[in-house]
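What follows is the residue order along each chain.
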Amino acid sequence: MILYPAIDIRGGQAVRLVQGDYDRETVFDADPVEAALRWVDQGARALHVVDLDGARAGEPVNLDRLRQICAVVEVPVQCGGGLRTADHVDEALEAGAERAILGTAALADPALIEALALEHGERIVVSADAKAGRVAVEGWERSTEITSAKLIEDLARRGVRSFVYTPVEVDGTLEGPGLDNVREVAEAAATTGAEVMYSGGVGTLDHLRQLASLGLDSVTGVIVGRALYEGRFTVAEGQAVLDGA
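The next subject is a negative patch on the surface. On the surface, a cluster of negative charge is made up of Glu 59, Asp 87, Glu 91 and Glu 94. Looking at Glu 59, the relative accessible area reads 43%, which means it is partly exposed.

Turning to the pairing of strand E3 (residues 21–29), a few remarks are in order. Every other side chain in a regular strand lies on the same face of the sheet, so the side chains alternate between the two faces. Across 5 bridges, the pairing between strand E2 (residues 13–18) and E3 is antiparallel. The residue bridging Arg 16 from the neighbouring strand is Thr 26, located in E3. The hairpin formed by E2 and E3 contains 2 residues between the paired strands, and Gln 19 there has a positive phi angle of roughly 55°.

Once that is clear, we can look at the sheet that holds strand E9 (residues 134–137). Adjacent strands of a sheet pair through backbone hydrogen bonds, lying either parallel or antiparallel. Across the sheet, 3 strands lie side by side as E8-E9-E10; this open sheet has antiparallel pairing. Either end of the sheet is taken by a strand with one partner, and the two such strands are strand E8 (130–131) and strand E10 (142–147). Contacting E8, E9 and E10, helix H7 (residues 148–156) crosses the sheet at an angle of about 70° to E10.

We now examine the packing of helix H9 (residues 205–213) against helix H11 (residues 235–242). One way to put it is that H9 packs onto H11 with a least axis distance of 9 Å and a crossing angle of 25°. It follows from the interaxial angle that H9 and H11 lie roughly parallel. In this structure, H9 crosses over H11, and the sense of that crossing is right-handed. Packed against H9, whose contacting residues are Leu 205, Leu 208, Arg 209 and Ala 212, the element H11 presents Glu 237, Gly 238, Val 241 and Leu 242 at the interface. Of the residues that constitute the contact of H9 with H11, the class distribution is 5 nonpolar, 1 polar and 2 charged.

So, about the pairing of E10. The pairing of E9 with E10 spans 3 bridges and is antiparallel. For Val 137, the partnering residue across the bridge sits in E10 and is Arg 142. In this antiparallel pair of consecutive strands, E9 and E10, the connection spans 4 residues, and Glu 138 shows a positive phi of 55°.

Glancing now at the side chain of Asp 8. Residue placement: Asp 8 occurs in strand E1 (residues 2–10). Aside from chain neighbours lying at most four places away, what touches Asp 8 is Gln 13, Ala 14, Val 15, Arg 16, Val 50 and Leu 52.

Turning next to the nonpolar core. Counting residues in hydrophobic clusters, the biggest one holds 72 residues, and the most contacted among them are Ile 7, Leu 47 and Ile 69. Each residue touching Ile 7, except ones within four places of it in the same chain, is listed here: Ala 14, Pro 32, Ala 35, Ala 36, Trp 39, Leu 47, His 48, Val 49, Val 50, Ile 69 and Tyr 229. Of all hydrophobic cores here, the second largest spans 8 residues; its members include Ala 6, Ala 46, Val 164 and Ile 223.

Calculation notes
Residues numbered from 1 in each chain as written. Predicted model: local features only at pLDDT ≥ 70, side-chain atom pairs only at ≥ 80, totals over all residues. Heavy atoms only, no water. Patch = residues over 30% accessible without salt bridge, like charges linked within 9 Å, V, L, I, M, F, W, Y side chains within 5 Å. Areas by Shrake-Rupley, 256 points an atom, 1.4 Å probe, with all protein chains shown as cover. Salt bridge = Lys/Arg side-chain N within 4 Å of Asp/Glu carboxyl O. Lys, Arg positive; Asp, Glu negative; His and termini not counted. Charge placed at Lys NZ, Arg CZ, Asp CG, Glu CD. Buried < 20%, exposed > 50% of the residue type's maximum accessible area, 1.4 Å probe, protein only. Pairing = 2+ DSSP bridges. Helix = DSSP H or I, 4+ residues; strand = E, 2+ residues; numbered from the N terminus. Contact = heavy atoms within 4.5 Å. Axes fitted to C-alpha atoms, helices over the stretch in contact; angles between N-to-C directions. Parallel < 35°, antiparallel > 145°, perpendicular 65-115°, else oblique. Left-handed = near helix turned anticlockwise from the far one by under 90°. Nonpolar A, V, L, I, M, F, W, Y, C, P; charged D, E, K, R; others polar. Core = buried A, V, L, I, M, F, W, Y, C linked by side-chain atoms within 4.5 Å.

Right, here's the structure in full:
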């Protein structure tokens, strides 16, 4: 299981939101590149970058920042936020991202996701984030009627091999992972041979132990943001827990 430090970019800066609320923002680094270098120096094996401005705008906004990050780190970078067309995906991959994460487009145009998965294979990731158990899109500002597990089942059959799952209610709270639907989501991925990266609520090393102790083979990564920025533990310490040390 890999720990992915999160770098959420808004207005060119590295920030964190609480429960996806754009009005509850904390700026941690004026330059996201500094955050990327810090996490890699601490032992990060990969990075998770989100273009928050892009998620709202419906198109990439912070590609320059993504390009700068990818140019200075030697670990894989996955990026999401506003990637809703094939051209958007191409732009993110050309900027240096190893994987492109799509959310809103997965519901709006499943055929597009299938075509992208066919073209780019495992480089395509779908976000199955949820509010009250239902998938949330458009920067988490609109809820839908489909569950995360159902979306994963449907898109895995269309060739998607990797998903991100965030229970929005716990995101940025540091109060612990939202475990209510994790097993259901993981089982949906497992039955189709897909993998899930969990995100949301991690504030302590014990929270990471909780996730690791579930023993869900299809959960292959944990995305952590605020806890790292606030120094509650280091990347190396978190990765050691996920490695079973």
